[in-house]
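If you want the building blocks of each chain, they are given just below.
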Amino acid sequence: MSKNVIIGCDHGGLALKETLKPFIEKMGWSVTDLGTHTTDSCDYPLIAKAVCDAVLKDEGSLGILICGTGLGMSMTANRIPGIRAAVCTNEYMARMARAHNDANVLCLGERTTGPGLAQEITQVYLSAEFEGGRHLRRINLIEN
C-alpha cells in the first residue's frame, strides 16, 4: 500500500500546509505537494481536482486539502466519483472518517483549526484504518 499523502491548498491554507508537510514526513509518509506555493489568490477548485485526481491514480494514497475553512475544498472534492472527502475539526471526526467512511481526502481549514490541532487531526486520520464490514455496504451505496 502506498504511504503517500497528496496535499494541496489555496492561498488561505498555505501556512497550514507548510506546517503539516514535515509533520507528515516524520510520521513516515511521503508528501506530494500540488500547490499552491504562494499567497497569491488562486481558485481552490483547481487544486482540489488536481489532488483528487492524483489520489485516484495512486492506489492507497490519501489526500489532504486545505483552504480557509475546508468547506470549499470538500464540496469540490466530493463532486469527483471515487472521492470521499471529510472536513474534520477534531480527532474523533478524523478517526471516524477513516474507520467508518473510508475517507480518502481530509479537508482542513487554516482559519478555523490551529496548527497543533491540525497536526493531531492529521496524525489520527493517517493512522486510522477502514473497518469494512457494514461500513463497506454503506460506502457502496454512496458510490452507486
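Note: the structure precedes this text.
Every chain's residues receive numbers from 1 upward, in the order its sequence appears when written. Where totals are concerned, whole chains, interfaces and linings use all residues; where local detail is concerned, this predicted model gives features only for residues with pLDDT of at least 70, and gives and counts side-chain atom pairs only at 80 or more. Neither water nor hydrogens contribute to the side-chain values; these are computed over all heavy atoms in the structure.

Undergrad: How would you explain the overall build of the protein if you had to name every residue and give the values?
TA: When you go through the protein residue by residue, the secondary structure sums to six helices and five strands. The helix and strand sequence of the protein, counted from the amino end, reads β-α-β-α-β-α-β-α-β-α-α. Since a compact globule built from 144 residues should have a radius of gyration of about 15 Å, the 14 Å found for the protein is in line with a globular shape. The dimensions of the protein, computed from C-alpha atoms along their principal axes, are 45 × 30 × 25 Å. For the protein, buried positions account for 48% of its 144 residues. Once local pairs closer than 6 in sequence are excluded, the contacts in the protein between residues at least 24 apart make up 70%. Areas reported as accessible are Shrake-Rupley estimates using a 1.4 Å probe. Residue values count occlusion only from the protein chains shown. Total accessible area on the protein is roughly 7,100 Å²; 53% of this is exposed by carbon and sulfur atoms. Numbering of helices and strands runs from the N terminus; a helix is a DSSP stretch of H or I covering at least four residues, while a strand is a stretch of E covering at least two. In this description the radius of gyration comes from C-alpha coordinates, and the expected globular size is given by 2.2 Å times residues to the power 0.38. When accessible area is computed with a 1.4 Å probe and restricted to protein chains, residues below 20% of their type maximum are described as buried, those above 50% as exposed, and intermediate ones as partly exposed. By definition, residues are in contact when any of their heavy atoms lie within 4.5 Å.

Undergrad: An account of the sheet that holds strand β5 (residues 105-109) is needed here, citing residue identities and associated values.
TA: Strand pairing is assigned whenever DSSP detects at least two bridges linking the two strands. The strand order across the open sheet formed by five strands is β2-β1-β3-β5-β4, and the pairing between neighbours is parallel. A single partner strand is all that each edge strand has here, and the edge strands are β2 (30-33) and β4 (85-87). Between one strand axis and the next, the sheet turns by 25° as a mean value, whatever way the strands run. Note: strand β1 (residues 4-9) against β2, four bridges, orientation parallel. The residue bridging Asn 4 from the neighbouring strand is Ser 30, located in β2. Helix axes are fitted to C-alpha atoms over the stretch in contact, other axes to C-alpha atoms as well, and angles between N-to-C directions run from 0 to 180 degrees.

Undergrad: Requested: an account of the nonpolar core, with residues and values cited.
TA: In this structure, Ile 24, Ile 64, Ile 66 and Leu 108 are the most contacted members of the largest nonpolar core, which totals 24 residues. Of all the elements in the fold, those that place two or more residues in this core are β1, α1 (14-26), β3 (62-67), α4 (91-99), β5 and α5 (115-127). By residue number, the principal contributor to this core is α5, which donates five residues. Definition of nonpolar core: a set of buried residues of the types Ala, Val, Leu, Ile, Met, Phe, Trp, Tyr and Cys, connected through side-chain atoms within 4.5 Å.

Undergrad: Quick rundown of the pairing of β2? Include the residues and the values.
TA: Side chains Val 31 and Asp 33 project from β2 onto a buried face, and the interleaved Ser 30 and Thr 32 project onto a face without burial. Of the crossover connections in this fold, the one passing from β1 over α1 to the parallel β2 is right-handed. When the strands point away from the viewer and the connection leading from the first strand across the helix to the second strand turns clockwise, the crossover is called right-handed.

Undergrad: Help me get a handle on the packing of aromatic side chains, residues and values and all.
TA: Aromatic ring pairs are reported here in terms of the distance separating the ring centres and the angle at which the planes meet. Working definition: a ring pair exists when centres of Phe, Tyr or Trp rings (six-membered ring for Trp) sit within 6.5 Å. Plane angles under 30 degrees give stacked, over 60 give edge-to-face, the rest tilted. For the structure on display, the rule yields zero aromatic pairs. Both a distance and an angle decide whether a charge sits over a ring: NZ of Lys or CZ of Arg must be within 6 Å of the ring centre and within 35 degrees of the ring normal. Against the face of Tyr 125 rests Arg 98, its NZ or CZ located 5.8 Å from the ring centre.

Undergrad: How would you summarise α4 if you had to cite specific residues and measurements?
TA: Among the residues making up α4, those that are buried are Ala 94, Met 96, Ala 97, Arg 98 and Ala 99. Tucked inside the fold, the buried residues of α4 contact β3, β4, α5 and α6 (134-143). Its side-chain oxygen 3.1 Å from the backbone nitrogen of Tyr 92, Asn 90 forms the N-cap of α4. Whenever a nitrogen or oxygen atom comes within 3.5 Å of another N or O atom, the pair is scored as a polar contact, on the condition that within protein one atom can donate a hydrogen and the other can accept it, and that pairs from neighbouring residues in sequence are kept only if both atoms are in side chains.

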